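Spelled out, the chains give:
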Amino acid sequence: MLMTGAGVPARVHYMAGTFRVLSTGDHVICAVTGMRIPLQELKYWSVERQEAYADAESSLKAERRSGRI
């Protein structure tokens, strides 16, 4: 049986402007909200903290929490 990673969180390395999937999965978890983010919808992340965010608001909350702004 072929394993597609459906329903499994992916392990991802976040880089500037892109990301690399390290282990098969179909989503990541938002570091702020805990929401599932399908990989094809992933737009926000922190290279420094290696975290994914569901949306711009979550990303801003993470920045504020880190003390950067």
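In case you missed it, the structure is sitting above this.
Residues numbered from 1 in each chain as written. Predicted model: local features only at pLDDT ≥ 70, side-chain atom pairs only at ≥ 80, totals over all residues. Heavy atoms only, no water.

**A short note on the packing of aromatic side chains**
As a reminder of what qualifies: Only Phe, Tyr and Trp rings take part, Trp by its six-membered ring, and two of them pair if their centres are within 6.5 Å. Stacked means planes under 30 degrees apart, edge-to-face means over 60, and tilted covers everything else. In DSSP terms, a helix is any run of H or I states spanning at least four residues, a strand is any run of E spanning at least two, and both are numbered starting from the N terminus. Here the term buried applies to any residue with accessible area under 20% of the maximum for its type, exposed to any over 50%, and partly exposed to those in between, with areas from a 1.4 Å probe on protein chains only.
Scanning all chains against the criterion turns up two aromatic pairs. With 5.4 Å between their ring centres and 80 degrees between their planes, phenylalanine 19 and tryptophan 45 make a pair best called edge-to-face. In this pair, phenylalanine 19 is assigned in strand β2 (residues 18-23) and tryptophan 45 in strand β5 (residues 44-46), connecting sequence segments 26 residues apart. A relative accessible area of 23% places phenylalanine 19 in the partly exposed class. Among the aromatic residues, those joined into a ring-pair cluster are Tyr14, Phe19 and Trp45.

**Regarding the pattern of salt bridges**
The condition is simple: In what follows, salt bridge is the name for a side-chain nitrogen of Lys or Arg lying within 4 Å of a carboxyl oxygen of Asp or Glu.
Within the structure shown, the criterion is met by three salt bridges. In this structure, glutamate 51 engages arginine 49 in a salt bridge whose closest nitrogen and oxygen atoms are separated by 3.4 Å. Since its relative accessible area comes to 22%, glutamate 51 is described here as partly exposed. Salt-bridge contacts for glutamate 57 lead to lysine 61; the nearest nitrogen and oxygen are separated by 3.6 Å. Linking glutamate 57 with lysine 61, this pair stays in helix α1 (residues 56-66), spanning four residues, or about one helical turn. Owing to a relative accessible area of 52%, glutamate 57 belongs among the exposed residues under this scheme. Salt bridges here are not isolated pairs; linked through shared partners, they connect Arg49, Glu51 and Glu63.

**Quick word on the side chain of histidine 27**
What counts, and what does not: Whenever a nitrogen or oxygen atom comes within 3.5 Å of another N or O atom, the pair is scored as a polar contact, on the condition that within protein one atom can donate a hydrogen and the other can accept it, and that pairs from neighbouring residues in sequence are kept only if both atoms are in side chains. Contacts are residue-level and defined by heavy atoms, with any inter-residue pair within 4.5 Å sufficient.
Among the secondary structure elements, histidine 27 is positioned in strand β3 (residues 27-29). Here aspartate 26 takes part through its side chain, which lies 2.7 Å from a polar atom of the side chain of histidine 27. A polar atom in the side chain of histidine 27 sits 3.4 Å from the side chain of arginine 36. In this view, histidine 27 contacts Gly7, Val8, Pro9, Ala10, Arg36, Ile37, Pro38 and Leu39; residues no more than four positions away in its chain are not counted.

Function cannot be inferred from these measures alone, as they are strictly geometric.
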